[in-house]
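An overview of the molecular structure
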Amino acid sequence: MPVKKQKRISPALRDIHYNELLESLPNLAIQPWGATEAHNNHLPYGSDYLQAEAISCRAAEKANLLGARSVVLPPVPYGNNAQQLDQISTIHISTTTALAILRDVSFSLKRQGIDKLLLVNTHGGNNFIPLIRDLILETGMLIVLVNIHEMIPEFVAENFEKHGDHAGELETSMMLYLTPELVNMEDAGSGKRIPFKIKGLSKKGVWTPRPWRASHPDLGSGDPSLASFEKGEKYVSRIIEELSEVILELSLAKKGDLPYI
Ligand SMILES: [Zn+2]
């Protein structure tokens, strides 16, 4: 069936009708994945999945206009928040639940002839690598992970003073750009971190999760006062550019193109 480029405006499955999908069969599904958790006092609980969905849709739209056939699935709003359950209404899903969701999504797509899946993750507590290894073995699909915040570290170093890793300068800038109506800057705490008393845990290669409230009393990591709409626009635009290239290449990949074998 010939591909009709530029027919579909929205790549979001939420907005697409069945007959439109039949006209331009997707060969790549994109699964945005975030978390529902407190973000200091100034960003909304849905920050991570709002970002994952918005960035996925904009990147997919760009790629589809260039010939990709991608579709963006509804975002998974829950992530691994095991160390944040003392914060009201923060929802944690365990790794086995995440695996079950990902397995069901993968097998559903595979049955319909879509054997390429791209996970777009915005939440630092989510770790999909072992899940993906297992599911590639089970399904034979090509499953790819993008951790948004690991994509352009040099750009982050150059454009942010103290980027922070949760509701700090970088993430607040993103939200000031994407959903300014949900940002309450006047309520923002400083995002300071109480350091671990056990010093050896700060050595490279040594890791344990932070008990979030004890480590970050105002539930954010990084100073949000340095955030701006302009920084958010620059960062998000670069991420969309990078992600759209990945989407386009994945969609155009033919069976046999490593690692799609
Ligand atoms: Zn976040």
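Residues numbered from 1 in each chain as written. Predicted model: local features only at pLDDT ≥ 70, side-chain atom pairs only at ≥ 80, totals over all residues. Heavy atoms only, no water.

As for the packing of aromatic side chains
Aromatic rings considered in pairs are described by the distance between their centres and by the relative angle of their planes. Per the stated rule, a full pass over the model turns up four aromatic pairs. Measuring from centroid to centroid gives 6.4 Å for F155 and Y235, while their planes differ by 35°, and the two rings are tilted. In this pair, F155 sits in helix α5 (residues 153-159) while Y235 sits in helix α8 (residues 229-252), placing the two residues 80 residues apart along the sequence. Of the residues examined, Y235 reaches a relative accessible area of 1% and is grouped as buried. A network of ring pairs unites the aromatic residues F155, F160 and Y235 as a single cluster. Lying across the ring of F196, R193 places its NZ or CZ 4.8 Å from the centre. (Phe/Tyr/Trp six-rings, centres within 6.5 Å; stacked < 30°, edge-to-face > 60°. Helix = DSSP H or I, 4+ residues; strand = E, 2+ residues; numbered from the N terminus. Buried < 20%, exposed > 50% of the residue type's maximum accessible area, 1.4 Å probe, protein only. Lys NZ or Arg CZ within 6 Å of the ring centre and 35° of its normal.)

Quick notes on unusual backbone geometry
Cis geometry is adopted by the peptide bond preceding P259, which originates at L258 and carries an omega value of 5°. Phi is positive for A167, close to 60°, though the residue is something other than glycine. Phi at L219 takes a positive value of approximately 65°, unusual for a residue other than glycine. Considering the arrangement of structural elements, one finds L219 in the loop between α7 (212-215) and α8. A relative accessible area of 11% means that L219 is categorised as buried.

A few points about the sheet that holds strand β3 (residues 116-121)
Pairing is parallel in the open sheet, where four strands are placed in the order β2-β1-β3-β4. Unpaired on one side and paired on the other, β2 (70-72) and β4 (142-147) mark the two borders of the sheet. The mean inter-strand angle of the sheet, taken between neighbouring strand axes irrespective of direction, is 20°. Here β3 pairs with β4 via six bridges, running parallel. Note that in β4 the partner of L117 across the bridge is I143. Sitting on the sheet, α8 is in contact with β1 (28-33), β2, β3 and β4, with an inclination near 165° to β3. (Pairing = 2+ DSSP bridges. Axes fitted to C-alpha atoms, helices over the stretch in contact; angles between N-to-C directions. Contact = heavy atoms within 4.5 Å.)

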